[in-house]
Structures are given as C-alpha cells and as structure tokens.
Number of protein chains: 2
Amino acid sequence: MTVSSAEAPAGSAAGAGTRFLAEIREQPAALRRLLERAEDFERAAAELRARRATTVRMVGHGSSDNAASYGVYAFGLLPRWTALRDSISLTVYYGADVDMSGCTALALSQSGQTPDVVEYLRRARRAGAFAVALTNDPSSELAAVAEAVLPLCAGAEEAVAATKTYSNQVAALALLAGFAAGQGPRMVAALQEVAEQGADLVASLEERITSVAVPFAYAGRMFVIGRGVEFATAREIALKLLETCRVAAEPLTATDLAHGPVAALDSLFPVWVIASEDETLQAVLEASVRAREAGATLVASGTGAERVQGADYVLPVPAPTHPLLAPLLSVLPGQLFAWALARTKGLDPDEPRGLSKITLAR
Amino acid sequence: MTVSSAEAPAGSAAGAGTRFLAEIREQPAALRRLLERAEDFERAAAELRARRATTVRMVGHGSSDNAASYGVYAFGLLPRWTALRDSISLTVYYGADVDMSGCTALALSQSGQTPDVVEYLRRARRAGAFAVALTNDPSSELAAVAEAVLPLCAGAEEAVAATKTYSNQVAALALLAGFAAGQGPRMVAALQEVAEQGADLVASLEERITSVAVPFAYAGRMFVIGRGVEFATAREIALKLLETCRVAAEPLTATDLAHGPVAALDSLFPVWVIASEDETLQAVLEASVRAREAGATLVASGTGAERVQGADYVLPVPAPTHPLLAPLLSVLPGQLFAWALARTKGLDPDEPRGLSKITLAR
C-alpha cells in the first residue's frame with residue numbers, strides 16, 4: 001500500500017470521502033447556524049424550568065446516543081440536574097409504565113424518523129414527561145409527537161457517517177443546559193469562539209492527518225479512552241472508526257480500562273487517548289501509562305494531549321474559553337483520522353458497506 | 001494448536017483456569033447463599049419505599065457496572081422506578097452538586113474498596129440520597145459509608161475475572177426490585193429454581209464448550225449482541241472475552257449494530273447473539289440476520305437461541321419461571337466459552353496479565 005498524498009491514496013475510489021470531508025469542514029458553519037437560533041433554546045430552557053421538568057431523559061441511537069453521553073455532563077455541571085441516557089427498550093418494547101412526571105424526555109434524531117425513538121417520545125409524553133425533539137427536520141414524525149421542537153440546523157448530511165449532526169447535537173445540549181443554568185449568553189459567546197477555533201484546527205489537521213493514519217492501516221482493533229465530558233468524544237471517535245474504517249474500536253472510560261480490558265492490550269492493539277485539561281485529566285494520564293506499559297501504540301489528542309507521556313502521535317487541540325466545550329474540538333482529530341484511515345485502506349467513508357443514512361432498524 | 005481434551009488443551013499451563021472454572025461451577029451455590037439472606041433485601045426495599053427514594057442511582061466498575069445495566073430493567077419492570085447507571089466522575093471528579101433527594105444511591109463493589117465508588121457514595125449521601133452498599137465485605141470502607149449494607153454472599157472470589165460476584169449482583173438487584181414491587185416471595189422462589197437450572201446447564205455445557213471455542217482461537221475481535229435485560233449479559237460476556245481471552249469484544253444492543261458497527265463486520269468478525277424469549281426477541285433476530293448477511297460467524301445463546309436462523313453454533317439455555325431472570329442463565333455459556341477459549345489460546349483465565357483482583361485505579 002502506497003500513499004502518495006493526502007488527496008489520492010492508492011486504493012481509494014476517485015471522490016471517496018469527499019462528502020465526509022466536506023461535512024467535517026462544514027462543522028464551524030453549522031455551529032454558527034445553530035447559534036442564530038439561540039432564542040429557541042432560551043425559550044425551551046425557560047419552559048423546562050417553569051414545568052420543573054428537571055430530570056432529563058435523553059434517547060437516540062448511534063451518534064445521537066453519543067451526544068447524549070455529553071448531555072449527562074452538560075446538565076449535571078450547568079443547572080446541576082440529573083440527566084440520563086434512558087432505555088428505549090424499557091418503554092417501547094417492554095411497555096414499562098414508569099412515572100415520568102418531573103422529567104423532560106429529549107429525543108435526538110437527525111432525521112426525526114427513527115421508529116423506536118418516535119415511539120419512545122410518544123409514550124414518554126403520555127407518562128408525564130415534557131416531550132422535546134432535537135432534529136434537523138421540523139416536519140418529521142418525531143417533531144409532530146413533541147411538545148417543543150429544537151432545531152438542529154446541521155443542514156442536509158450526505159455522508160452516511162454523522163459529523164456535523166453530532167457536533168451540533170453536542171452544541172445544542174450545551175446551549176440548552178447553559179440557558180437552563182442562567183448562563184445562556186456566556187455559552188453562546190464561548191460557542192462562537194469554538195467555531196473559529198474549529199475552523200483553524202480542521203485546516204491545520206488536514207495537512208498532517210494522513211501521515212498519522214497510514215501506520216494504522218493494518219490495525220484491526222483499537223481502544224478509545226476518554227472520561228467525563230470526553231467520554232462522548234471517545235464513543236463518537238470509536239463509532240467513526242467502526243463505521244468508516246472497519247476497525248473494532250471500543251470506547252472506554254479511563255477507569256474501565258483498568259477494570260479488565262487492559263489485559264487485552266499488546267503492541268498490535270493501539271490506544272487513542274483523549275486527554276483534556278479538566279478534573280478528569282489525572283485519571284486519563286494514569287490510564288495512558290497503563291496502556292503504554294502494556295506495549296500499546298498511543299495516539300494522544302485533546303487539550304491536554306501534550307501531557308500524555310510517551311505518546312507516539314500527539315494531536316493537540318486548542319482550549320475553548322468554556323472547558324465544557326472541549327469535546328467540540330477534540331472530536332475533530334478523530335473524525336479526520338477516520339477519513340484519512342478509510343482512504344488509506346481503500347474504503348469509501350461516504351458510503352460504508354451495509355449502512356444507510358436513515359436507520360429504520362429497531 | 002491441538003486440543004486433546006477439555007481437561008488439558010495443549011499450550012495451557014497445568015492448572016490454568018481451575019479457579020475460574022470452579023467459581024463458574026459454584027454460582028448456583030452462591031445464589032442459594034444469597035437467598036438465605038432474602039430478609040435483608042426485604043428490609044432494605046421497605047426502607048426505600050418508606051423514604052420514597054425511588055430513583056435508583058447505581059455505580060460500579062467493570063462487572064459491577066454490567067450488573068447495574070441489569071438493574072435499570074429490574075427496577076423499571078418491577079416497581080416501575082427510574083434506575084440509572086450514574087456518572088461517578090460527575091460527582092467525584094467534577095464535584096457537581098446535583099440534588100439527590102428522592103434517590104437511592106446503590107454502590108456495587110465486590111471488595112468494598114474501590115476508591116471512587118466509596119467517594120461517590122459518601123458524596124451521594126451528603127447530597128440527600130439514601131446510601132446503600134452491595135458488597136461481599138460488610139467491614140469494608142464502602143459499607144462504613146453506607147446507611148444500609150446488603151450482603152453479596154458470593155464468598156471469596158479467587159480468579160481475577162468475576163463470575164459468581166456478577167451473578168449474585170444480578171440476583172441481588174432482582175431481589176431488591178422484587179421486594180420493592182411487593183413480589184419478593186415469588187422472586188425468591190423463581191431464583192431457587194434458577195439455581196437448579198444453572199447447575200444442570202453448567203454440567204452439560206462443560207462437556208461441549210471446548211469444541212465450540214476452538215474454531216475461534218485466532219479471532220481477534222467479536223461483537224456481543226443483547227437487548228433489554230440481556231444487554232447486561234452482552235456487556236459481561238464481552239468483558240470476560242477481553243479479560244481472559246484478549247479478544248476485542250464489544251457489547252452492542254441489537255439496534256446499535258445497525259447504527260454503524262455492522263459496517264465493520266465480515267467473515268473474520270464473529271458475532272455472539274443473546275436471543276431471549278421476551279419482548280426484545282424480534283429486534284435481536286433482525287440484528288442477527290444483518291450480521292449473517294455481512295458474513296459473520298454467529299454464535300446464538302439464550303432462551304431463544306434456536307430461533308436464530310443460520311447460527312453456526314447454538315447454545316440454548318432453559319427458560320426460568322420469571323423471564324426477568326434469564327440473564328442469570330444466559331451468562332453461563334459466555335463464561336464457559338471464555339474459560340475454554342482462554343485455555344485453547346494458552347492463556348490463564350485465573351490471572352490475566354495486567355489485572356489484579358482489587359482495582360484501585362481511578
């Protein structure tokens with residue numbers, strides 16, 4: 001396998017990954033579109049408070065569920081509310097009649113068509129929850145079931161693997177939680193800055209990322225380590241690697257690693273570490289020492305990437321003014337790595353085999 | 001690699017896996033010990049109800065966290081309470097001051113020594129939660145922090161990879177949820193029967209399991225699919241494969257598979273499907289069709305294993321009288337498969353490299 005340039009690795013079909021890359025690049029613009037709708041989030045947050053619907057039950061599949069992992073921290077750290085990734089099957093398949101008064105049910109679906117997410121929201125509303133949809137399509141079935149619809153503003157996403165949808169979901173959760181905590185304007189300003197930082201970061205990473213990806217051409221498996229707000233990032237990067245590169249990538253918290261999976265590591269089992277400068281950094285650094293001691297090749301990213309001792313590849317990201325927004329930047333190296341690795345392997349990240357954009361599977 | 005018999009595969013150290021196997025076999029006896037303490041669970045359930053501490057926040061790492069996945073369904077389906085796997089880092093590292101009144105904080109730790117689980121319980125109690133510990137060691141630091149201590153009764157577990165600890169945690173959650181729902185005696189009787197069914201199942205599987213495991217000697221990765229109550233089983237089987245066999249095994253819900261990971265499958269990427277005869281069966285069967293269409297080798301287990309079309313290996317388990325208890329039986333083929341596969345690969349499942357029984361990592 002020879003890779004002559006970042007533009008046309010041998011083995012790639014002409015044009016493979018162009019939509020995926022275009023949508024990675026478009027994320028700062030998508031974020032700015034979302035911020036133009038900040039008032040919608042302000043209004044919804046006021047309604048959550050007025051109804052005292054302060055336990056937030058989030059549902060979604062794939063990238064949407066990954067964004068919900070972020071929501072646990074956004075709502076926990078800003079308005080100090082309990083937020084959880086709720087079980088869809090408990091409500092939809094088992095028909096458990098859980099009392100959801102005092103709850104907001106927040107359904108995340110790009111298309112607004114995912115059948116069991118729609119059915120969950122219908123039942124949650126019946127069970128007493130304030131039913132909110134976060135979707136690209138305000139005319140979707142999901143929006144019709146909801147009492148309030150929040151716009152995702154990601155625009156049409158043509159690559160099957162989500163990028164701008166995911167990052168706008170994360171930003172939307174930060175906005176809603178920020179307004180719920182009475183810190184809306186500060187959050188909007190911090191997100192504006194993230195859009196600028198993101199645009200610069202994508203431009204500089206594009207130059208470099210193929211040379212980082214090529215040595216992983218034969219890796220069949222990988223762990224992606226994050227903790228706290230960055231666990232969502234770990235899940236999302238792992239999903240991109242599974243979807244677009246056919247790498248068995250598993251997301252783990254820093255502590256999960258020590259509780260079993262570290263035993264599987266060796267020099268042929270690389271580890272991607274997201275180290276962010278926040279309260280979880282020490283735990284992540286300790287996990288990276290364990291991984292290195294097991295012989296794993298380490299890729300370090302995040303605002304604290306340079307703190308990871310002995311990393312083989314370091315992909316730092318700039319620090320946002322609000323540390324809770326770091327995941328919007330730290331996901332970018334992972335998305336670009338997946339794009340570059342897929343092309344290195346001769347795969348088309350725009351249309352992974354066996355996937356379709358709107359998943360009707362239950 | 002030649003495997004001459006289930007007793008002594010070539011490449012295994014003498015005695016490798018004897019403790020792991022002994023503890024797999026011991027599970028029915030451990031379950032009976034737990035049932036002798038049913039009154040403790042009855043008393044605790046009464047206290048949860050009396051305090052209206054009906055949102056159950058569960059924490060634990062590794063197998064304990066897997067058992068907590070089961071708790072989401074046990075509490076949701078029996079007393080119809082909201083139960084969640086809470087974020088430890090939100091409370092312990094970020095110091096988020098979430099109001100936990102109306103909550104039970106239920107900490108799961110075999111040793112009662114896991115530092116961040118102990119710290120979580122201390123803070124949850126301060127935040128207004130009713131603090132309950134489920135542990136093997138009533139003299140542990142965790143027990144000292146708790147307001148109520150529930151006995152796990154698993155006895156000393158000598159293999160590093162948990163088996164009887166996990167299954168007694170699952171049974172303990174079923175007991176607590178059963179008593180909370182006013183169905184305690186029925187649950188105790190159903191668990192008694194599961195102990196008998198489990199003993200028979202282990203005996204019959206031991207004969208057969210090595211011949212199933214040998215063809216997977218060179219598999220580096222695997223998906224383990226479950227949904228609903230069996231998602232806990234999928235997580236636990238995947239963890240056993242990671243810990244003892246160095247297989248990159250990832251647990252997925254039936255729906256997760258369709259939302260991305262199916263793209264990674266091929267004929268060298270086996271899939272273990274847990275198909276149980278309950279409301280989630282159709283979703284699991286549809287996922288297994290997708291996996292088979294992608295060329296994956298399929299291992300089917302669970303009470304509905306025989307319903308999985310085209311499975312390469314079928315490991316059925318008997319149906320318990322209470323369908324919610326199926327996970328106590330469906331985990332057994334996975335544990336025994338991990339034992340057999342580790343020995344086939346010349347690994348010692350009693351002492352996986354890099355792991356210790358009590359994990360102090362944060």
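What counts and what doesn't
Each chain has its residues counted from 1, following the order in which its sequence is written. Each chain gets a letter, beginning with A, and each ligand a number, beginning with 1, in the order they are written. Under the rules for a predicted model, residues below a pLDDT of 70 receive no local features and side-chain atom pairs below 80 are neither given nor counted, while totals for whole chains, interfaces and linings still include all residues. Each side-chain value is derived from all of the structure's non-hydrogen atoms; neither hydrogens nor water enter the calculation. Secondary structure is summarised from DSSP: a helix means a run of H or I of at least four residues, a strand means a run of E of at least two, and numbering begins at the N terminus for each. Only protein chains enter the accessibility calculation, which uses a 1.4 Å probe. A residue is then buried if its area is under 20% of the maximum for its type, exposed if over 50%, and partly exposed in between. Two residues qualify as a contact provided that any one of their heavy atoms is within 4.5 Å of a heavy atom in the partner residue. Any Lys or Arg side-chain nitrogen found within 4 Å of a carboxyl oxygen on Asp or Glu counts as a salt bridge. Defined here as a combined quantity, buried area equals the accessible surface (1.4 Å probe) lost by two parts on assembly, summed across both. Under this definition, polar contacts are N or O atom pairs within 3.5 Å; protein pairs additionally need one hydrogen-donor-capable and one acceptor-capable atom, and for neighbouring residues in sequence, both atoms have to be side-chain atoms. For this scheme, ten residues count as nonpolar: Ala, Val, Leu, Ile, Met, Phe, Trp, Tyr, Cys and Pro. Four count as charged, namely Asp, Glu, Lys and Arg, and the remainder, Gly too, count as polar. Here an angle of 0 to 180 degrees is reported between the N-to-C directions of two axes, which are lines fitted to C-alpha atoms, with helices fitted over the stretch in contact. For classification, angles of less than 35 degrees are called roughly parallel, those exceeding 145 degrees roughly antiparallel, those between 65 and 115 degrees roughly perpendicular, and all remaining angles oblique. Crossings are sorted by hand: turned counterclockwise from the far helix by less than a right angle, the near helix makes the crossing left-handed, and turned clockwise it makes it right-handed. Any two strands are treated as partners once DSSP identifies two or more bridges connecting them. Residues reaching a pLDDT of at least 70 in both copies supply the C-alpha atoms on which the copies are superposed by least squares. We place a 1 Å grid over just the protein atoms. Points where a 1.4 Å probe fits but has no way out form a cavity, open points with protein on both sides within 12 Å along at least 5 of 7 lines form a pocket, and any residue with an atom within 4 Å of a point lines it. Grid points are joined across faces, edges and corners, and a volume is the space filled by probe spheres set on the points. If you view a crossover with the strands going away from you and the path from the first strand over the helix to the second runs clockwise, you call it right-handed. The span you would expect from a helix comes to 1.5 Å times its residue count less one. Aromatic pairing here means that ring centres of Phe, Tyr or Trp (its six-membered ring) are within 6.5 Å. Orientation follows from the plane angle: under 30 degrees is stacked, over 60 is edge-to-face, and everything else is tilted.

Overview of the overall build of chain A
Step number 1: A tally of helices and strands in chain A yields 13 helices and ten strands.
Step number 2: Principal-axis analysis of the C-alpha atoms gives chain A an extent of 55 × 45 × 40 Å.
Step number 3: In chain A, which comprises 362 residues, the share counted as buried stands at 68%.
Step number 4: Taking the intrachain contacts of chain A between residues at least 6 apart in sequence as the baseline, contacts between residues at least 24 apart amount to 76%.

Concerning the pattern of salt bridges
Step number 1: In total, this model carries 42 salt bridges over all chains according to the counting rule given.
Step number 2: Among the salt bridges present, the one from D86 of chain B reaches R57 of chain B, with a minimum N-O distance of 2.9 Å. One end of the pair, D86 of chain B, is in the loop between β2 (82-85) and α4 (88-92); the other, R57 of chain B, is in strand β1 (residues 55-59), and 29 residues separate them in sequence.
Step number 3: The buried category is assigned to D86 of chain B, whose relative accessible area is 12%.
Step number 4: In this structure R57 of chain B comes out as buried when scored by relative accessible area, which is 3%.
Step number 5: If you follow the salt bridges from partner to partner, you end up with E47, R51, R125 and E147 of chain A in one network.

Points about the interface of chain B and chain A
Step number 1: With 64 residues of chain B in contact, the opposing surface of chain A contributes 64 residues.
Step number 2: For the pair chain B and chain A, the summed buried area comes to about 5,400 Å², and 56% of that belongs to carbon and sulfur atoms.
Step number 3: Counting every contact that joins chain B to chain A gives four salt bridges.
Step number 4: Measuring nitrogen to oxygen at the nearest pair gives 2.9 Å for the salt bridge that ties D266 of chain A to R246 of chain B.
Step number 5: The tally of links between chain B and chain A comes to 20 residue pairs in polar contact (both at pLDDT 80 or more).
Step number 6: Counting residues per element, the ones that place at least two in the side of chain B that touches chain A are α3 (63-77), β2, α4, β6 (221-226), α9 (231-245), β7 (248-253), α10 (254-258) and α11 (281-293) of chain B.
Step number 7: A breakdown of the residues in the side of chain B that touches chain A according to their chemical character gives 31 nonpolar, 16 polar and 17 charged.

Concerning the packing of helix α4 (residues 63-77) of chain A against helix α8 (residues 164-180) of chain A
All names here are of chain A.
Step number 1: Contact pair α4 / α8: the axes reach a minimum separation of 9 Å and the direction vectors enclose 25°. With respect to α8, the axis of α4 lies roughly parallel. Crossing hand, α4 versus α8: right-handed. Residue-level inspection shows S63, S64, N66, A67, A68, Y70, G71, A74 and F75 of α4 in contact with α8, the latter providing Y166, Q169, V170, L173, A174, L176 and A177.
Step number 2: Taken together, the residues of the contact of α4 with α8 sort by class into eleven nonpolar, five polar and no charged.

Comments concerning the sheet that holds strand β3 (residues 103-108) of chain B
All names here are of chain B.
Step number 1: Overall, parallel pairing links the five strands, which are arranged β2-β1-β3-β4-β5 in an open sheet. Only two strands of the sheet have a single neighbouring strand rather than two, namely β2 and β5 (148-151). If you compare each strand with its neighbour and ignore which way they point, the axes differ by 20° on average.
Step number 2: Bridge count between strand β4 (residues 130-135) and β5: four bridges; the pairing is parallel. The residue bridging L134 from the neighbouring strand is L150, located in β5.
Step number 3: Lying on the sheet, helix α7 (residues 164-180) is in contact with β1, β3, β4 and β5; it crosses β3 at an angle near 160°.

Re the relation of the copies chain B and chain A
Step number 1: The two copies are related by a screw motion: chain B maps onto chain A through a turn of 180° and a shift of 0.0 Å along the axis, at an RMSD of 0.0 Å. Such a turn and shift between the copies fits a two-fold axis.
Step number 2: Interface residue correspondence from chain B to chain A reaches 100%, placing this contact among same-surface, isologous pairings.

Some points on the layout of surface pockets
Step number 1: Roughly 480 Å³ of volume is contained in the largest pocket.
Step number 2: Taken together, 22 residues form the lining of the largest pocket, with T55, S101 and C103 of chain A together with T55 and G102 of chain B sitting closest to its centre.
Step number 3: Those elements that place two or more of their residues in the lining of the largest pocket are β1 (55-59) of chain A together with β1 of chain B.
Step number 4: Looking at side-chain class alone, the lining of the largest pocket contains six nonpolar, ten polar and six charged residues.

Some points on the sheet that holds strand β9 (residues 298-302) of chain A
Note: strands within a sheet are paired through backbone hydrogen bonds, in either parallel or antiparallel orientation.
All names here are of chain A.
Step number 1: Pairing within the open sheet is parallel, and its five strands lie in the order β7-β6-β8-β9-β10. Two strands in the sheet have a free side with no partner beyond their single neighbour: β7 (248-253) and β10 (313-316). Neighbour-to-neighbour, the strand axes of this sheet turn through a mean angle of 15°, independent of strand direction.
Step number 2: Pairing of β9 with β10 involves four bridges; the strand directions are parallel. Its bridge partner being in β10, V299 is matched across the sheet by Y313.

Some points on the pairing of β7 of chain B
Residues and elements named next belong to chain B.
Step number 1: Burial within β7 is extensive, with six of its six residues counted as buried.
Step number 2: The alternating pattern of β7 places A248, E250 and L252 on one face and A249, P251 and T253 on the opposite face, and all of these are buried.
Step number 3: Bridge count between β6 and β7: six bridges; the pairing is parallel. Within β7, the position partnered with R221 by the bridge is A248.
Step number 4: A crossover links β6 with its parallel partner β7, the connecting element being α9, and its sense is right-handed.

Details of α9 of chain B
Residues and elements named next belong to chain B.
Step number 1: A rise of 1.5 Å per residue sets the reference length of α9, with its 15 residues, at 21 Å; its end C-alpha atoms lie 20 Å apart and thus fit the reference within 8%.
Step number 2: With respect to burial, α9 is a largely interior element, 15 of its 15 residues being buried.
Step number 3: Following α9 by one or two positions, R246 has its phi on the positive side, about 55°.

Description of the packing of aromatic side chains
Residues and elements named next belong to chain B.
Step number 1: Counted according to the given criterion, the structure contains twelve aromatic pairs over all chains.
Step number 2: Their ring planes at 75° and their centres at 5.5 Å tell us that F216 and F337 sit as a pair that is edge-to-face. Separated by 121 residues along the polypeptide, F216 in the loop between α8 (184-213) and β6 and F337 in helix α12 (residues 326-344) bring together distant segments of the chain. F337 matches F216 in its accessibility class, with the two residues each being buried.

Here we look at α7 of chain B
Residues and elements named next belong to chain B.
Step number 1: For α7, built from 17 residues, the straight-helix expectation of 24 Å at 1.5 Å per residue is met to within 8% by its first-to-last C-alpha distance of 24 Å.
Step number 2: Across the 17 residues that make up α7, a large majority, 17, are buried.
Step number 3: G182 sits one or two residues past α7 and shows a positive phi near 75°.

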